Amino acid sequence: MSLLVSPNSLVQDSGIINQPMSDHSAVFVNLKVKPSKPILQYINTRSYRNYNAEVFTRDLANEANSILSIFEDSDVKSKLDILNDVLPPVLNSHAPIKSIKIRRRPCPFVNQEIKDLMKSRNLLLKKRHAKTPTGRSSKNCVTQSRKSCLKQKGDTLLKKLALIRIILDRFGRSLIAFPSKDKDISTYTKNLTVVTNEFKQFFSKVGKNAADSSRTLAEENNITIRELSSVADTNLALGELFNLRPVTCEEVRQVVTSLPLNKSSGPDKVSARILKDCLPVILGPLTEVINCSILTSIFPTKWKEDEVIPILKDGDQELAANNRPLSPLPVASKVCEKIILNQFNTNLTDNKRLTSHQSSNKKAHSTETLNIQLTDSILEAMDKKQI
């Protein structure tokens, strides 16, 4: 038997598997292949191991003289700089920023079915250890459920484990080093600096490229694009004109307390949880910064800075066009944006600028309400013999 393998130095073993599976015998080659080692990846995050909300708030309150100096300045950028010079240093002493290495332990033999079994096992164990009035009966019920689950899936798992043992005995245990198919490990063949610059150039021109593509598409289809006029419409009544107004501390408090805790933080690593903990101390200064931004029509540059995270959509991950950017902004900027959005939505609703058929970007409306309305219209037309 001769095998065409290049280079021949990679061949460790070869032969024929004599198994009565078909009329032809299977040929195998055991190659000495060393998998490429993935590039180590690190993430910067805060460590809350020794964090105490009460102690942090007390230490931040001790910097009241520095925080109150915000009211003496008239520039929104200077006000925000004062707040950033006080809050992050105090927070770093309680929840320092650490670089954590992302650890991945590839295990190609743990498929989705085994993962589902492990998940159901953890749920059953959680119910078993839960303190309920009927703890003993619940324990027995969980035990019976575990036994029935293992009885149903036991044979399948034993067959899979036996097959894995045969593969490992024949081809060596070096196969475990190969990554699992259902794990997406980001590895780049190019230099990371080159990839970063390519992504930066592409994402920074997404808006311009989209506008150019729209203009080209309109020219190909003989569509006239109406240019927006910079002159305000004088036909609107005085009450219909939209103007931002300063907000109160109570409005800022409601927006901050309604922030979800599962949202990622911006480059400053100040999460919504931290903002809620120190709200009694920074509520007044934060309201002053937001009001100054509204009155001067200036959005601070610090609130525009973000860390672009590429999320692969499909295809080659080294091509910037195959990724979508995820840009987490500072939580304080989201508070300001939410306040402006609430005022804008209130103006649209009061002046009835939103059509009743709009189901997106509208409170209490979604694709679900659109489907309900469409279904009711179809059923009503069927009752009237119109369709």
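Notes on the structure follow. Keep in mind it's a predicted model, so treat the numbers as computed, not measured.

Criteria and cut-off values
Residues numbered from 1 in each chain as written. Predicted model: local features only at pLDDT ≥ 70, side-chain atom pairs only at ≥ 80, totals over all residues. Heavy atoms only, no water. Core = buried A, V, L, I, M, F, W, Y, C linked by side-chain atoms within 4.5 Å. Buried < 20%, exposed > 50% of the residue type's maximum accessible area, 1.4 Å probe, protein only. Contact = heavy atoms within 4.5 Å. Axes fitted to C-alpha atoms, helices over the stretch in contact; angles between N-to-C directions. Helix = DSSP H or I, 4+ residues; strand = E, 2+ residues; numbered from the N terminus. Left-handed = near helix turned anticlockwise from the far one by under 90°. Nonpolar A, V, L, I, M, F, W, Y, C, P; charged D, E, K, R; others polar. Parallel < 35°, antiparallel > 145°, perpendicular 65-115°, else oblique. Salt bridge = Lys/Arg side-chain N within 4 Å of Asp/Glu carboxyl O. Expected span 1.5 Å × (residues − 1). Patch = residues over 30% accessible without salt bridge, like charges linked within 9 Å, V, L, I, M, F, W, Y side chains within 5 Å. Areas by Shrake-Rupley, 256 points an atom, 1.4 Å probe, with all protein chains shown as cover. Arc of directions from axis to C-beta. Polar contact = N/O pair within 3.5 Å; in protein donor to acceptor, adjacent residues only side chain to side chain. Phe/Tyr/Trp six-rings, centres within 6.5 Å; stacked < 30°, edge-to-face > 60°. Lys NZ or Arg CZ within 6 Å of the ring centre and 35° of its normal.

Topic: the nonpolar core
Grouped together as the largest cluster of nonpolar side chains are 38 residues, with contacts concentrated most on Phe 56, Leu 60, Val 252, Ile 290 and Val 335. If near-sequence neighbours (up to four positions away) are discounted, Phe 56 is found in contact with Tyr 51, Leu 87, Val 90, Leu 91, His 94, Ile 274 and Cys 278. Of all hydrophobic cores here, the second largest spans five residues; its members include Tyr 188, Phe 199, Phe 203 and Ala 320.

Some thoughts on the packing of helix α1 (residues 53-61) against helix α3 (residues 76-94)
Closest axis-to-axis distance for the α1/α3 pair is 10 Å, and the angle between their directions is 140 degrees. Helix-helix and strand crossings are classified by hand; for α1 and α3 the assignment is right-handed. Every residue of α3 that contacts α1 at Val 55, Phe 56, Asp 59 and Leu 60 is listed here: Val 86, Leu 87, Val 90, Leu 91 and His 94. By residue class, the composition of the contact of α1 with α3 is seven nonpolar, one polar and one charged.

Looking at the packing of helix α10 (residues 279-296) against helix α11 (residues 331-350)
Two packed helices can be described by the angle between their axes and the distance between those axes. Two elements in contact, α10 and α11, have axes whose closest approach is 11 Å; the angle formed by their N-to-C orientations is 55 degrees. When the axis of α10 is compared with that of α11, the two are oblique. Classified by chirality, the crossing of α11 by α10 is right-handed. Residues Leu 286, Ile 290 and Ser 293 of α10 pack against Ala 332, Val 335, Cys 336 and Ile 339 of α11.

Description of the pattern of salt bridges
Where charged atoms from two side chains of opposite charge come close, those side chains can pair. Summed over the entire model, instances satisfying the criterion amount to seven salt bridges. Note that Asp 212 and Arg 215 form a salt bridge whose closest N and O atoms lie 3.4 Å from each other. With Asp 212 and Arg 215 both in helix α7 (residues 206-220) and three residues apart, this pair spans about one turn of that helix. Given the relative accessible area of 43%, Arg 215 is considered partly exposed. For Lys 269, the salt bridge is made with Glu 307, and the minimal N-O distance between the two is 3.7 Å. Remark: Glu 307 occurs in the loop between α10 and β5 (309-312) and Lys 269 occurs in the loop between α8 (249-257) and α9 (272-277); sequence separation between them is 38 residues. For Lys 269, a relative accessible area of 14% puts it in the buried group. A network of salt bridges, in which partner residues are shared, links Lys 208, Asp 212 and Arg 215.

As for α7
The end-to-end C-alpha distance of α7 is 21 Å, a good match for the 21 Å that 15 residues give at a rise of 1.5 Å each. Just downstream of α7 lies Asn 222, where phi reads positive at about 55 degrees.

Digging into the environment of Ile 225
Within the element layout of this structure, Ile 225 appears in the loop between α7 and α8. Residue classification places Ile 225 among the partly exposed positions, given a relative accessible area of 46%. In sequence terms Ile 225 and Ser 214 are 11 residues apart; their C-alpha atoms lie 9.6 Å from each other. Residue contacts for Ile 225: discarding those within four places in its chain leaves Ser 214, Arg 215 and Ala 218.

Focus on a nonpolar patch on the surface
A surface patch of nonpolar side chains, about 490 Å² in accessible area, is lined by Leu 374, Ile 378, Leu 379, Met 382 and Ile 387. Mapping Leu 374 onto the fold places it in helix α12 (residues 367-383).

Thoughts on α8
Buried residues of α8: Val 252, Val 255 and Val 256, and no others. Down the axis of α8, the sector holding all buried residues measures 95 degrees, keeping them to one side. Buried positions along α8 lie against α9, α10 and α11.

Concerning unusual backbone geometry
Residues other than glycine seldom take positive phi values, yet Ser 297 does so here, at roughly 55 degrees. Along the chain, Ser 297 turns up in the loop between α10 and β5. When its relative accessible area of 67% is taken as the criterion, Ser 297 is described as exposed.

Some thoughts on the side chain of Lys 79
Within the fold, Lys 79 resides in helix α3. Of the residues examined, Lys 79 reaches a relative accessible area of 1% and is grouped as buried. A distance of 2.6 Å separates a polar side-chain atom of Lys 79 from the backbone oxygen of Ile 70. Sequence-distant contacts of Lys 79, that is, excluding residues within four places in its chain, are made with Ile 70, Phe 71, Asp 73, Ser 74, Glu 288, Val 289 and Cys 292.

Side note on the packing of aromatic side chains
Tallying each qualifying case throughout the model produces six aromatic pairs. When the centroid spacing of 5.6 Å and the interplanar angle of 90 degrees are considered together, the rings of Tyr 48 and Tyr 51 count as edge-to-face. A residue is classified by how much of its surface remains accessible, and Tyr 48, at 27% relative accessible area, is partly exposed. Ring centres 5.8 Å apart and planes at 85 degrees place the aromatic pair Phe 199 and Phe 203 in the edge-to-face group. Here Phe 203 and Phe 199 lie together in helix α6 (residues 192-204), a separation of four residues that amounts to about one turn. In this structure Phe 199 comes out as buried when scored by relative accessible area, which is 7%. Look at Phe 203 and you get buried, because its relative accessible area is 15%. Joined through ring pairs, the aromatic side chains of Tyr 48, Tyr 51 and Phe 56 make up one cluster. Looking at Arg 273, its charged tip hangs above the ring of Tyr 48, at a distance of 4.8 Å from the centre.

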